[in-house]
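The lines below spell out each chain.
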Amino acid sequence: MVKTAIGRRVVNEIGAVLPNLAVGDASLEQLRARLQSTFRVENQVAAVRAETLAELTRREGVHITESDLREKGLRPRRKARSEVETAVELEELPETSEGLRDGEIPYENARIMARASQEGEIDETVLIGPAKTQSPDKFAGTVRKHQQQRSEDDGMSRLEHQRVQRFAKIKTDNTDGMTVLYGRFDPITGALIETALSQKMNELWREEDPRARCSPGQRMADALAGLVTREDTNKDGKPPRGPRLLLIADYDAVSRELRNGRLGDGTPIPVEKIRDLACQSDILPGIFRGVSQPLDLGRSRRAASPAQKIALVARDRACVGCGANANWTQAHHITPWAVQGNTNLNDMVLLCSRCHHKVHDDHWQVHKTPTGKHHLKPPLKHNRRTTGQRNSYYRNRRSPFKQRK
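Residues numbered from 1 in each chain as written. Predicted model: local features only at pLDDT ≥ 70, side-chain atom pairs only at ≥ 80, totals over all residues. Heavy atoms only, no water.

Asks: Could you clarify how one ought to interpret a positive patch on the surface in this entry?
Replies: On the surface, R77, R78, R81, K169, K171 and R184 cluster together into a positively charged patch. Residue assignment for the positive patch shows that the elements contributing at least two residues are α3 (77-90) and β3 (167-172). Examining the composition of the positive patch, we find that three residues originate from one element, α3, more than from any other. Tracing the backbone through its elements, the reader meets R81 in helix α3. (Patch = residues over 30% accessible without salt bridge, like charges linked within 9 Å, V, L, I, M, F, W, Y side chains within 5 Å. Areas by Shrake-Rupley, 256 points an atom, 1.4 Å probe, with all protein chains shown as cover. Salt bridge = Lys/Arg side-chain N within 4 Å of Asp/Glu carboxyl O. Lys, Arg positive; Asp, Glu negative; His and termini not counted. Charge placed at Lys NZ, Arg CZ, Asp CG, Glu CD. Helix = DSSP H or I, 4+ residues; strand = E, 2+ residues; numbered from the N terminus.)

This is how it looks when you write it as C-alpha cells:
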C-alpha cells in the first residue's frame with residue numbers, strides 16, 4: 001500500500017512489488033514460489049476491493065456502486081451485482097474477511113461463503129478451515145453438505161427455494177442471429193437434464209465418423225436440439241425412455257430409515273425427495289454386491305460392466321484426476337489389462353479422456369490415499385527434451401474433436 005498525493009488529499013493506492021529476476025533465469029522452485037505469491041496478492045487485492053465496495057455501498061447505495069464497478073472496472077452487469085452483494089455480506093463474516101485479507105482464502109471461496117450466508121445461517125468457524133485448503137469446486141460441495149446438515153427439514157426448504165429460483169431464457173443474438181439458451185435449475189432437475197444430455201451425446205459420438213468428429217460443444221448442442229425437438233425415437237417409433245438418475249442413500253439398520261440422501265456427484269438432497277422420485281422412476285439397486293450384480297469380473301471381461309460403472313460413480317463421484325463430471329468419464333484399469341490387470345472394482349477408477357491420456361501417454365500414476373480416495377500424480381522425474389517433443393507432437397497433431405474442413 002502506497003500513498004499518493006492528489007491535490008491536497010492523500011489517497012492510498014494498491015501496488016505490487018514485481019520480481020526483477022527474468023522468468024527464463026528462475027529455477028522451478030522460484031517459479032512455483034512466484035506463482036504462489038501471485039495467488040496471495042490476488043486474494044489480498046480482492047479483500048481490499050470488497051471492503052471498498054462495502055463502504056461505497058453504505059455511503060452511496062447499491063445502484064451507484066454497481067454502476068461505478070461496471071464503468072470503471074469494466075465488469076458485466078451480472079458480475080458487478082455479484083461482487084457488490086458479496087462485499088456487503090462479507091462484513092458479516094469476520095473470519096472469512098480476515099482470511100481473504102491475509103491472502104489465505106481465495107476470493108471465489110469467500111464468495112461461496114457469502115452466498116451461503118445469504119441463503120441461511122452457517123457456522124463460519126466450521127467452514128473457515130476448508131475455505132483455506134479446498135478448491136472452489138470442492139469447497140462448494142462442502143458448503144452444500146454443511147447447509148444440509150444444519151437444516152431442520154433435511155434440506156427440503158432449500159430445495160424448494162432453489163426450485164422457486166428456476167429460470168430459463170431463450171433469445172436471439174442480434175450480432176449474428178444465433179439463438180441463445182440459458183437456464184438455472186434445482187440440483188435434481190439439473191441432474192436429470194445432464195444425464196439425458198450425456199446419454200444422447202454418447203449416442204451421437206458412436207454415430208460420428210471418427211475422422212471428422214464434432215467438438216464436445218457442438219455435440220451437446222446437437223443432443224439438446226434432438227431432445228427438445230424430439231427428433232430421436234426408438235425403432236418402434238416411440239419416444240426414448242427417460243434418463244436413469246443415480247440416487248444414493250445410507251440405510252440405518254437400527255432405525256430402518258434412509259439417511260444422507262445424495263446424487264451421484266455427492267450433492268445432498270432430502271431423503272423425502274428420494275422417496276418421491278422412487279415412485280416416478282426406475283430404481284438402481286444400492287446394494288451392488290448381490291449375486292445378480294457381480295462387481296469383480298477378474299479377466300473374464302475387459303470393459304467395466306454397467307453395474308461396475310454405477311458403483312464407480314457412487315465411489316469416485318467424478319474423474320479422480322481433474323474432477324470432471326462422472327458422465328464424461330471411463331473406467332480405467334489401474335493395472336493395465338494388457339499386463340494381467342483385472343476388471344474388479346478395486347482395480348479401477350474413473351478418468352476423463354484428458355486424464356486418461358496423462359496416464360497412458362505422459363506416465364501419470366493413480367495413487368490411493370489412506371482414506372481410500374484415488375488421485376493422479378505426475379511422474380517423479382521429467383525429461384525436458386522428451387516432454388517437449390511429446391507436447392510438440394500433440395500441438396501439431398490434428399485434434400480429434402475438430403471437424404475436418
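Asks: Would you take a moment to explain the packing of helix α1 (residues 28-60) against α3 for this structure?
Replies: Between two packed helices, what matters for the description is the angle formed by their axes and the separation of those axes. Contact geometry of α1 with α3 gives a least axis separation of 8 Å together with a crossing angle of 90°. As far as their axial angle goes, α3 and α1 are roughly perpendicular. Touching R49, A50, L53, A54 and T57 of α1 are E83, V84, A87, V88 and L90, all from α3. Its residues assigned to classes, the contact of α1 with α3 comprises seven nonpolar, one polar and two charged. (Axes fitted to C-alpha atoms, helices over the stretch in contact; angles between N-to-C directions. Parallel < 35°, antiparallel > 145°, perpendicular 65-115°, else oblique. Contact = heavy atoms within 4.5 Å. Nonpolar A, V, L, I, M, F, W, Y, C, P; charged D, E, K, R; others polar.)

Asks: What exactly am I supposed to notice about unusual backbone geometry here?
Replies: A negative phi holds for most residues other than glycine; trans holds for most peptide bonds. Despite not being glycine, R317 has its phi angle at roughly 70°, a positive value. Tracing the sequence through the fold places R317 in the loop between α12 (306-316) and β7 (329-333). Of note in the backbone geometry, H363 takes a positive phi value of approximately 65° without being a glycine. Along the polypeptide, H363 turns up in the loop between α13 (353-362) and β9 (365-368).

Asks: I keep staring at the packing of aromatic side chains and nothing clicks. Help me out?
Replies: By convention here, two paired aromatic rings are described through the distance between centres and the angle between planes. Enumeration over the complete set of coordinates arrives at one aromatic pair. Between the NZ or CZ atom of R213 and the centre of the ring of W205, over which it lies, the distance is 3.9 Å. Looking at K358, its charged tip hangs above the ring of W364, at a distance of 4.5 Å from the centre. (Phe/Tyr/Trp six-rings, centres within 6.5 Å; stacked < 30°, edge-to-face > 60°. Lys NZ or Arg CZ within 6 Å of the ring centre and 35° of its normal.)

Asks: Please clarify how α1 should be interpreted in this entry.
Replies: In an α-helix there are 3.6 residues to a turn, and that puts residues three or four apart on one side. Taking 1.5 Å per residue as the helical rise, α1 with its 33 residues ought to reach 48 Å, and the 47 Å between its terminal C-alpha atoms agrees with that figure. Within α1, the full set of buried residues consists of N43, A46, A47, A50, L53, A54 and T57. Buried residues along α1 sit against α2 (62-72), α3, α4 (94-101) and α5 (107-119). Once α1 ends, the next one or two residues include G61, with phi positive near 95°. (Expected span 1.5 Å × (residues − 1). Buried < 20%, exposed > 50% of the residue type's maximum accessible area, 1.4 Å probe, protein only.)

Asks: Mind showing me how you'd approach the pattern of salt bridges here?
Replies: Per the stated rule, a full pass over the model turns up 17 salt bridges. For R115, the salt bridge identified is with E119, shortest N-O distance 3.7 Å. Taken as a pair, R115 and E119 lie in helix α5 at a separation of four residues, close to a single helical turn. By relative accessible area, R115 is classed as partly exposed at 40%. On the accessibility criterion, E119 (37% relative accessible area) is partly exposed. For the salt bridge of R213 with E208, the shortest nitrogen-to-oxygen distance reads 3.5 Å. Accessibility expressed as a relative area gives 15% for E208, which makes it buried.

Read these as geometric descriptors, not functional statements.
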